[in-house]
Amino acid sequence: MLKKLSSLLEINADQAPSRLDIDWPSSEKYDIWVKRDDLLHPIISGNKWRKLKYALLAIYQQKQTSIVSFGGGHSNHLHALAYACHKLNIQLSAIVRGDYSRNPTPMLKDIAAWGTDIYYVDKKTYQKRDEPDYLAQLKQRFKQAIIIPEGGSQAAALEGVGEIISQLTDSFDYIIAPVGSGGTLAGLIATSSVARIVGIGVLKGQGYLEQQVTKLLPCSNTNHNWEILHQYHFGGYAKQPVELTAFCAQFTEQTKIPIEPVYSGKLFFAAKDLIQKQAFPLNSRILLLHTGGLQGARSC
Ligand SMILES: *Cc1c(COP(=O)(O)O)cnc(C)c1O
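Since the structure is predicted, the reported quantities are computational estimates derived from the model, not experimental observations.

A. Seen up close, the site of the ligand. The local shell around the ligand holds 16 residues, among which Lys 48, Lys 51, Ser 181, Thr 184 and Thr 291 are the closest. At a separation of 2.8 Å, an oxygen atom of the ligand approaches a polar side-chain atom of Asn 76. Taking Thr 291, its side chain carries an N or O atom lying 2.6 Å from a nitrogen atom of the ligand. Burial of the ligand by the protein chains amounts to 98% of its free accessible area of 390 Å².

Listed below in structure tokens is the structure:
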């Protein structure tokens, strides 16, 4: 069934990590690799496929026809989910933070074209997105819809994300990935046995992000070999100072790997800085996880 779902959605085969060929200060002191999950699909890209995979499989198998989910006006999650729902004939109702009705973003225009029903809510209503009473109301209103939380980050997401690690044939000392709502990091932590998992916070969320990740980890989790770094958010979510956009452009020119400033730009910027500062033991094997999300760059 999973094969059928992947082929319906035209998901590409998993790519093994490749060496990151780049001349950063001190990069010769490390063994640096990149895993290109951005290549999994042009729209259902990167970690969004990993996180949604088994949730979508269950919904597809149970022949559910209605999903409600949440996101901001540039959400990669809503974009990926809306496209998948369009392909699978599932009605998606998107609860969007803020009123973009007069000025829809490219992302919102896409999902509207794919048949998503969009509901704009104010910040206060959006804050209720995880509250049981509010979710019960939504479930009633939307025909017993399946509710998928913001970012697709839920317990059911961990297995799909964990496959990033279980499918590796080499081991690494460090795996570094961006953190937004925490599902990706939680999946990596729950599956990793050797590598230290290092998250790069993309928003101002010291304490909050650790809490989000911890909430998603199963009670049985015993892996504490992880941390989130908070000095690379560049002022907050989707903030794009010139230093960051210039870095993204230069990185893409040098490596031919497309990145954007919201997630992957911050990841690779952080990697460069940490390597330059020799923040890892010499000769460490470091895997940088490119989580995709290139559609977000259109709004920049
Ligand atoms: C959503 C997203 C993330 C954040 O992942 P979380 O599981 O929400 O922490 C990272 N990178 C990209 C490209 C994303 O779209």
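Next comes the rest of the description.
B. Inspection of the packing of aromatic side chains at higher detail. Counted by the stated rule, this structure contains 13 aromatic pairs. Residues Tyr 83 and Trp 114 carry aromatic rings whose centres are separated by 5.1 Å and whose planes lie at 75° to one another, so their mutual orientation is edge-to-face. Pair noted here: Tyr 83 is in helix 3 (residues 76-88) and Trp 114 is in the loop between helix 4 (106-113) and strand 5 (117-121), with a separation of 31 residues, a long-range link. We classify Tyr 83 as buried; its relative accessible area is 11%. We classify Trp 114 as buried; its relative accessible area is 17%. Ring centres of Tyr 119 and Phe 142 lie 5.1 Å apart, and the angle between their planes is 65°; this geometry places the pair in the edge-to-face category. On the criterion of sequence distance, the pair formed by Tyr 119 in strand 5 and Phe 142 in the loop between helix 6 (132-141) and strand 6 (146-148) is long-range, its members being 23 residues apart. Classification of Tyr 119 as partly exposed rests on a relative accessible area of 26%. Residue Phe 142 is classed as buried on the basis of its relative accessible area of 7%. Over the ring of Tyr 263 we find Lys 48, and its NZ or CZ is 5.6 Å from the ring centre.

C. Seen up close, the environment of Asp 110. Position of Asp 110 relative to the elements: it lies in helix 4. The partly exposed category is assigned to Asp 110, whose relative accessible area is 22%. Sequence spacing of Asp 110 and His 79 is 31 residues, and the spatial spacing of their C-alpha atoms is 7.5 Å. If we skip the residues at most four places from it in the chain, Asp 110 touches His 79 and Arg 298.

Criteria and thresholds
Residues numbered from 1 in each chain as written. Predicted model: local features only at pLDDT ≥ 70, side-chain atom pairs only at ≥ 80, totals over all residues. Heavy atoms only, no water. Near = heavy atom within 4 Å. Polar contact = N/O pair within 3.5 Å; in protein donor to acceptor, adjacent residues only side chain to side chain. Areas by Shrake-Rupley, 256 points an atom, 1.4 Å probe, with all protein chains shown as cover. Phe/Tyr/Trp six-rings, centres within 6.5 Å; stacked < 30°, edge-to-face > 60°. Helix = DSSP H or I, 4+ residues; strand = E, 2+ residues; numbered from the N terminus. Buried < 20%, exposed > 50% of the residue type's maximum accessible area, 1.4 Å probe, protein only. Lys NZ or Arg CZ within 6 Å of the ring centre and 35° of its normal. Contact = heavy atoms within 4.5 Å.

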